Protein chains: 2
Amino acid sequence: MSAASVPGYDGPLVAGVDVGGTKTLVVVTDDLDRVLYEHAAPTDRTSLVDQIAGLVDDARRHLEQDIAAVGVAIPGHIDPGGSVSMAVNLGITHLPLGSMLQTELGIPIFVEHDARAAAFWLSEQVPGGSTQSPASIAFIAIGTGISAGIVLDGAVLRGDNGFAGEVGHIAADPEGVVCACGLRGCLETIAAGPGIARQADEAIAAGRNTVLSPHPSAGDVFRAASAGDEVALEITGRVADHLTRAIRSLALTLGIKRIVIGGGVAAAGPALLEPIRSRILRECADSPLVQATLGDASIELLSPTEAPGARGAAAIARHRIGLREREGVGER
Amino acid sequence: MSAASVPGYDGPLVAGVDVGGTKTLVVVTDDLDRVLYEHAAPTDRTSLVDQIAGLVDDARRHLEQDIAAVGVAIPGHIDPGGSVSMAVNLGITHLPLGSMLQTELGIPIFVEHDARAAAFWLSEQVPGGSTQSPASIAFIAIGTGISAGIVLDGAVLRGDNGFAGEVGHIAADPEGVVCACGLRGCLETIAAGPGIARQADEAIAAGRNTVLSPHPSAGDVFRAASAGDEVALEITGRVADHLTRAIRSLALTLGIKRIVIGGGVAAAGPALLEPIRSRILRECADSPLVQATLGDASIELLSPTEAPGARGAAAIARHRIGLREREGVGER
């Protein structure tokens, strides 16, 4: 647990909670988005609502200050009332999280898809301090699955079906393996953590010569690739091929010029990013259209020290209760 | 040339001009989007600005009424000032169309990408008269190329790079042929008119048994498929496979639930649409995610009698000069 005090600040505070498959993180921020409190705990899937309420209460007590609203970032499908469904990694089929938390805590609760919350926060962070950065961004979270948070002109895109950004299930290899979603060859069967491990296991089972042990993490595979292991290079090359196509698809569909890659797999760092960048450079050389579309795009890796889900959840709560106006938030 | 008179109407009129590779169509509509005048002429690529100005002047003279503004729908990249570039099928590298026409005609000119203009108009047309229809739509134009016009919550999506909707160049078959854009295996190398013809020619060159003659139109191929020709069925099946993936990608990226397919290839009618619908039904059965995303989506073919580009250009001009308020138009 850590807490910072901002001398003389007694303005309204909001909490942001990021509920992950293994860890739940709570931050409390002030109206200038400064973090006053941060605490993580292992996610308690059996009593998620009680745990979140308890974590927010702990923060209130620690800070000896009221919290005006809570934003919750969580995977799955979120309906406009704050109910969560299809959150496979959390074992949630349907949970009216927003209304249950509101009853427990007695303050406004705003529930958002974790990648969208992250994208919202990132859209407010200007790289290099430039003021020219567009407020449109796609945040691609690569972990056990792949999904994107999309912000267009400052507004979070949810879509009429509520599934905007579920790019992990665009077709990558129609001859590929069956995905958890039921389709064959979705992007995440190749480029998410479990897909990367599966490809290594397939190579090992086929008797191929590699330094990799069975069931490697994505990090293991990227490290082996950096060390020149042929099997690992083949896998990370395939990952880069498909992520490059996904990025091109986002740039050509949404017209977006700023793409940030995060999630557990992004901890691989340059071993993940550089092969993507080199492929995009090659496509820019081959195609005036790609040059015009992606030639001056920013493709960044999120620093592993950032907590964009919790920060974004807090930022959304702050905007929604009107501590800071920003048009379109929650309206799309 | 045709003209309808609306008894007693003397309100402001707008013109919409759709500049196509072979034909240029002008419509004049009133503030209730009723068509008062319609005229088509072969596109004169060598003097496009003069031709458009002349067509609008003809309409003014014929109607004996002023025209308040002109919308122009045209392929290519359109910058915010109305300049057109990269309009390959029209032979335009760069043309300051908006400012040149404004000088010629002395009234406000609004230039928009043709698929976006069409999508804008379609987003205002409610299928089945329902008032529940979302104002978000993707219009996929399939002709010599493929591009999409995207409207989200009533606002035309242009994108920070101005290339939003260029879905013809998402990766379909990375082992495929080189596209006009310079990349390999773009969607339009398989599913646009010339790509369909090329696949037929390849089968003929390989000595395969087919009723098709060399260089068939897309319509020829779809007709042969309907008659049971094996080669044609193989091609139209591949086209449907890839268009289904593109539709899934749009639904999962944008969260869109209404998709309209138009352009010359769409004249194939049910022979194009039904194979796509049956594939989507199959994916819905295989995948709860696709069921939730596309299960209640509307996938329609545009009637060949509609002129959505010209109508959309007129509608955009009408909205931009404030004859009818609609938030967000032209702002994205």
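This is a predicted model, so every value here is computed, not measured. (Residues numbered from 1 in each chain as written. Chains lettered and ligands numbered in written order. Predicted model: local features only at pLDDT ≥ 70, side-chain atom pairs only at ≥ 80, totals over all residues. Heavy atoms only, no water.)

**What to know about the relation of the copies chain A and chain B**
Link 1 in the chain: For these two chains of identical sequence, chain A goes onto chain B by a turn of 180° and a shift of 0.0 Å along the axis, with RMSD 0.0 Å. Accordingly, the operation relating the two chain copies is best matched by a two-fold axis.
Link 2 in the chain: A shared interface surface links the copies, since 100% of the contact residues of chain A are contact residues in chain B too. (Least-squares fit on C-alpha atoms with pLDDT ≥ 70 in both. Contact = heavy atoms within 4.5 Å.)

**Thoughts on the pairing of strand β11 (residues 146-152) of chain A**
Residues and elements named next belong to chain A.
Link 1 in the chain: For β11, a buried count of seven out of seven residues is recorded, marking the element as mostly surrounded by other parts of the structure.
Link 2 in the chain: Alternating residues of β11 divide into I146, A148, I150 and L152 and S147, G149 and V151, and every residue in both groups is buried.
Link 3 in the chain: Here six bridges tie strand β10 (residues 137-142) to β11, and the two strands are oriented antiparallel to one another. Along β11, the bridge assignment pairs I140 with A148.
Link 4 in the chain: Joining the antiparallel neighbours β10 and β11 is a turn of three residues.
Link 5 in the chain: As paired elements, β11 and strand β12 (residues 155-156) share two bridges and run antiparallel to each other. Among the inter-strand pairings, V151 is bridged to a residue of β12, identified as V156.
Link 6 in the chain: Hairpin connection of β11 to β12: two residues between the antiparallel strands, including D153 at a positive phi of 50°. (Buried < 20%, exposed > 50% of the residue type's maximum accessible area, 1.4 Å probe, protein only. Helix = DSSP H or I, 4+ residues; strand = E, 2+ residues; numbered from the N terminus. Pairing = 2+ DSSP bridges.)

**Remarks on the confidence of the model for chain A**
Residue and element names in this part refer to chain A.
Link 1 in the chain: With 92% of its residues at a pLDDT of 70 or more, chain A shows a mean pLDDT of 91.
Link 2 in the chain: Note that pLDDT drops below 50 for residues 325-332; the model gives that stretch 26 contacts with residues more than four away or on any other chain.
Link 3 in the chain: For this predicted complex, the interface score ipTM comes out at 0.91, alongside a pTM of 0.92. (pLDDT = per-residue confidence, 0-100.)

**Examining the packing of helix α5 (residues 193-205) of chain B against helix α6 (residues 218-226) of chain B**
All names here are of chain B.
Link 1 in the chain: Between α5 and α6, the shortest axis-to-axis distance is 8 Å and the interhelical angle comes to 55°. If you check the angle between α5 and α6, you find them oblique. Where α5 abuts α6, its residues G193, I196 and A200 lie against A218, V221 and F222.
Link 2 in the chain: In terms of residue class, the contact of α5 with α6 is built from five nonpolar, one polar and no charged. (Axes fitted to C-alpha atoms, helices over the stretch in contact; angles between N-to-C directions. Parallel < 35°, antiparallel > 145°, perpendicular 65-115°, else oblique. Nonpolar A, V, L, I, M, F, W, Y, C, P; charged D, E, K, R; others polar.)

**Concerning helix α2 (residues 97-105) of chain A**
Residue and element names in this part refer to chain A.
Link 1 in the chain: Looking only at α2, the buried set comprises L97, G98, L101 and L105. The buried residues of α2 occupy an angular sector of 95° when the element is viewed end-on, so they sit on one face.
Link 2 in the chain: Contact partners of the buried residues in α2: α1 (48-63), β5 (69-74), β7 (84-87), β8 (92-95) and β9 (109-113).
Link 3 in the chain: Immediately downstream of α2, the backbone of G106 shows phi near 70°, a positive value. (Arc of directions from axis to C-beta.)

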